Amino acid sequence: MKNIQSIRGIHDSLPNDTIYFQYIENIFKNLVSNYGYHEIRLPILEYTVLFLQSIGKTTDVINKEMYTFVDKNKNKITLRPEGTAGCIRATIQHKLLYKKKQRLFYMGPMFRRERPQKGRYRQFHQLGAEVLGYEGPKIDIELIVLTFRLWKILKINKYIFLEINFIGSNKEYKKYEKELTTFFQKHENHFNEDYKKRIKNNPMRILDTKNLDIKHIIDDAPIITDFLNEKSRIYFTNICNCLDLLNIPYTINPYLVRGLDYYNYTIFEWVTYNLGSKLAICGGGRYNHLIEKLGGKENPAAGFAIGLERLTLLMQKNNSNYIFCKSTDIYIISSNDDSIKNKAILLSEYIRNILPSLQIIVNYDNKNLKKKFIQANKHKTKIVLLLDKEKEKTQLITLKNLITNEQKILHKNEIIKNLKFIFNL
Ligand code: HAM
């Protein structure tokens, strides 16, 4: 019988990756907490209508990528493709904005039925943050500076570049969209059916095409910046000036388009060229009308989400392994005798009670001592404690330092004192 495999594009996370996930998640949690963000845990399943009303009916996420099913109560349910919509739904449902503005963060799996490839999965994980109730460019900057700090902590800032764009208010955007549609219609004979549909539904999505045959047309297309009013121009200049002040390098990309329809004003992506073709590690921006659109009181908002797997790939590619060269502090070996193995467990628990910061592994194999020492080396062990039947009678334990190769025979009562000295505790 053929073994059952995981679903295409939906992967197990094995220890070599989860060690990165844990490391990144911990740093992210501490970082956003230090900026005053609080964690919100959101359901993975939501009513489909939530995403239809927020992400936009003409996006790929809605049209092609959602995992949707009808449950036994005949409700249409979707596995969340992103976190922002659920976060806003929860904010409205629990009246979180009633008295207080909010800085929230979340982490967890998202689902999009995209064509799987390296860095693009059908189940992936995001680390996200949403700031609710705050208006103005400084919050947009806070989101960017926070992510920039994260790249620096993770030592990958050399490989990630910031692209920003400013798409104005809904009114400005609509005016631009109309102009763009007219422009593309003039060149309609160059476009295939898929693009013709986009001209009608979402012409800005043509701007970030990878199709080289139509690139020359896009080069002449109108750009959003020419459609911004004075207020928007000041807002965008404010952001750029502040980024300069903070020494954060960026590129203004008037062709930057987000794949979700709720944005206005500032949009940004952190991209890398280090994993093959250009890939977004993080995307976000302002979405001042989403709360109102989902039935809440009008309130400004902005946020971002980072792809955990893509971030991990970037760190792995750039030799960040040194962070994870985790060694084992103590490896306890005993002779193959059940009563001695029990003594080994008792010893490990005794040390853990007094020195809880040490990592201790107990070997329970019925192998010879040589093989057990090989295992100790595989675990990059510093100290081996050896309990054998003869010495155990007099409560003597062999302590071997695998780094210095020194060996001592100690009474059980001397073990803690010696370990404290060795591990500087
Ligand atoms: P997004 O750009 O769709 O934005 O996704 C954010 C990040 O999730 C991407 O930059 C990428 O790293 C990762 N990602 C997206 N799709 C996949 C995939 N199929 N496989 C692996 N990684 C993926 C959002 O989701 C918005 N909710 C962000 C946001 C929050 N905007 C405002 N607040």
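A brief report on the enclosed structure follows. The structure presented is a predicted model; accordingly, all values stated were derived computationally and were not measured.

1. Side note on the pairing of strand β5 (residues 102-111)
Counting buried positions along β5 gives 9 out of 10 residues, so the element sits mostly inside the fold. Note that strand β1 (residues 38-39) and β5 share 2 bridges and pair parallel. In the strand pairing of β5, E39 is matched with F105. Note: β5 against strand β6 (residues 123-132), 10 bridges, orientation antiparallel. In the strand pairing of β6, R103 is matched with V131.

2. Observations concerning the site of the ligand
Neighbouring the ligand are 25 residues, the closest being E82, T84, E114, E130 and Y263. A distance of 2.9 Å separates a nitrogen atom of the ligand from a polar backbone atom of Y121. Contact between the ligand and I281: an oxygen atom at 3.0 Å from a main-chain N or O atom of the residue. Starting from 660 Å² of accessible surface for the ligand in isolation, the protein chains cover 96%. Looking at the shell around the ligand, the elements that each hand over two or more residues are β6, β10 (279-286) and β11 (301-307). Class assignment for the residues of the shell around the ligand results in 11 nonpolar, 7 polar and 7 charged.

3. Considerations on the packing of helix α1 (residues 15-34) against helix α5 (residues 137-153)
The geometry of α1 relative to α5 is characterised by a closest axis approach of 11 Å and an angle of 140° between their N-to-C directions. Taken together, the axes of α1 and α5 lie oblique to each other. α1 and α5 meet at a crossing whose hand is right-handed. Facing α1, whose interface residues are I27, F28, L31 and V32, α5 presents L146, R149, L150 and I153.

4. Quick notes on the pattern of salt bridges
By the definition in use, this model includes 17 salt bridges. Note that E39 and R41 form a salt bridge whose closest N and O atoms lie 3.1 Å from each other. We note a salt bridge from K343 to E392, for which the minimum N-O separation is 3.4 Å. Taken together, the positions of K343 in helix α12 (residues 338-354) and E392 in helix α14 (residues 389-392) put the pair 49 residues apart, joining distant regions of the chain. Taking the relative accessible area as the measure of exposure, K343 reaches 37% and is therefore partly exposed. Of the residues examined, E392 reaches a relative accessible area of 13% and is grouped as buried.

Thresholds applied
Residues numbered from 1 in each chain as written. Predicted model: local features only at pLDDT ≥ 70, side-chain atom pairs only at ≥ 80, totals over all residues. Heavy atoms only, no water. Buried < 20%, exposed > 50% of the residue type's maximum accessible area, 1.4 Å probe, protein only. Helix = DSSP H or I, 4+ residues; strand = E, 2+ residues; numbered from the N terminus. Pairing = 2+ DSSP bridges. Near = heavy atom within 4 Å. Polar contact = N/O pair within 3.5 Å; in protein donor to acceptor, adjacent residues only side chain to side chain. Areas by Shrake-Rupley, 256 points an atom, 1.4 Å probe, with all protein chains shown as cover. Nonpolar A, V, L, I, M, F, W, Y, C, P; charged D, E, K, R; others polar. Axes fitted to C-alpha atoms, helices over the stretch in contact; angles between N-to-C directions. Parallel < 35°, antiparallel > 145°, perpendicular 65-115°, else oblique. Left-handed = near helix turned anticlockwise from the far one by under 90°. Contact = heavy atoms within 4.5 Å. Salt bridge = Lys/Arg side-chain N within 4 Å of Asp/Glu carboxyl O.

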